[in-house]
Amino acid sequence: HLAPSYPLLLQSILTLFVQHQGVLVLGEIDDPLVYQTAHYLKIPLLTMPVAVEGLLFEDVLDHPQSGAIRAIYLHSYHHMPTGQRFSIKRKKKLLQMAKAHGWLIIENVSDVDYHYGGPHTHSLYQLDPHYHVIQLSRFDALPSIVSLGLFLGPPRLVEDLERYHYYLYPQKNFLLER
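Remember, predicted model here, so these are calculated numbers, not experimental data.

What to know about the nonpolar core
So, point 1. With 25 residues, the main nonpolar core has Ile13, Leu14, Phe17, Leu24, Ile106 and Leu136 as its most contacted residues.
So, point 2. Looking at this core, the elements with two or more residues in it are helix H1 (6-17), strand E2 (23-26), helix H2 (32-40), strand E6 (69-75), strand E7 (104-108), strand E8 (133-142) and helix H5 (155-168).
So, point 3. A total of 6 residues in this core trace back to one element, the largest contributor, which is H1.
So, point 4. Phe17 has contacts with Arg70, Leu104, Ile134, Leu157, Asp160 and Leu161, leaving out every residue within four places of it along the chain.
So, point 5. Judged by nonpolar contacts, the second largest core, of 20 residues, contains Leu46, Leu94, Met97 and Ile105.

Concerning the packing of H1 against H2
So, point 1. Closest axis-to-axis distance for the H1/H2 pair is 10 Å, and the angle between their directions is 50°. Relative to H2, the element H1 is oriented oblique. At the point where H1 passes H2, the crossing takes the right-handed sense. When H1 is examined against H2, the residues Tyr6, Pro7, Leu10, Gln11 and Leu14 are found in contact with a partner set consisting of Leu33, Val34, Thr37, Ala38 and Tyr40.
So, point 2. In the contact of H1 with H2, the residues fall into 8 nonpolar, 2 polar and no charged.

Side note on the packing of H1 against H5
So, point 1. Direction vectors running N to C along H1 and H5 enclose 105°, while the axes themselves pass 10 Å from each other. In this view, H1 runs roughly perpendicular relative to H5, as classed from their interaxial angle. In this structure, H1 contributes Leu8, Leu9, Ser12, Ile13, Thr15, Leu16 and Phe17 to the contact, and H5 contributes Leu157, Asp160, Leu161, Tyr164 and His165.
So, point 2. In the contact of H1 with H5, the residues fall into 8 nonpolar, 3 polar and 1 charged.

Quick notes on the rules
- Residues numbered from 1 in each chain as written.
- Predicted model: local features only at pLDDT ≥ 70, side-chain atom pairs only at ≥ 80, totals over all residues.
- Heavy atoms only, no water.
- Core = buried A, V, L, I, M, F, W, Y, C linked by side-chain atoms within 4.5 Å.
- Buried < 20%, exposed > 50% of the residue type's maximum accessible area, 1.4 Å probe, protein only.
- Helix = DSSP H or I, 4+ residues; strand = E, 2+ residues; numbered from the N terminus.
- Contact = heavy atoms within 4.5 Å.
- Axes fitted to C-alpha atoms, helices over the stretch in contact; angles between N-to-C directions.
- Parallel < 35°, antiparallel > 145°, perpendicular 65-115°, else oblique.
- Left-handed = near helix turned anticlockwise from the far one by under 90°.
- Nonpolar A, V, L, I, M, F, W, Y, C, P; charged D, E, K, R; others polar.

Listed below in structure tokens is the structure:
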């Protein structure tokens, strides 16, 4: 699906699925748009600990707010700031945790082409049989002017997003293309 604005797409997803319901866990410390949007929406944030092997998503369960977690935002191909790759085994473990705890995973694949050696690994969206992942990407047609949002998601979540956006902006079409 193609949305006319990546920032508006991100804001709609965070508002609909996280705001007023719980905490957003950030797996990336390098994405200011997500941080700024969550701050604007007053969504509590947790940052995943990072070690040499990458994100330690298991550690969020030890946090006092772990019961309020509703979504995890991350780049699924490598971890910032280490550049460590996110293995299939770790991705499957994260998906199991998402299913067990009812988390939505917001997977940013904008930087999929910037991997270092070795073959591509599957995205979380490709591995998700239980519909817990929304995959986002951004296309900057004219940098700093036009930033299109591309997304994939379970049909029920895409329909919820369309209804939510129509409620806010009844005169505008949320999706440019399906």
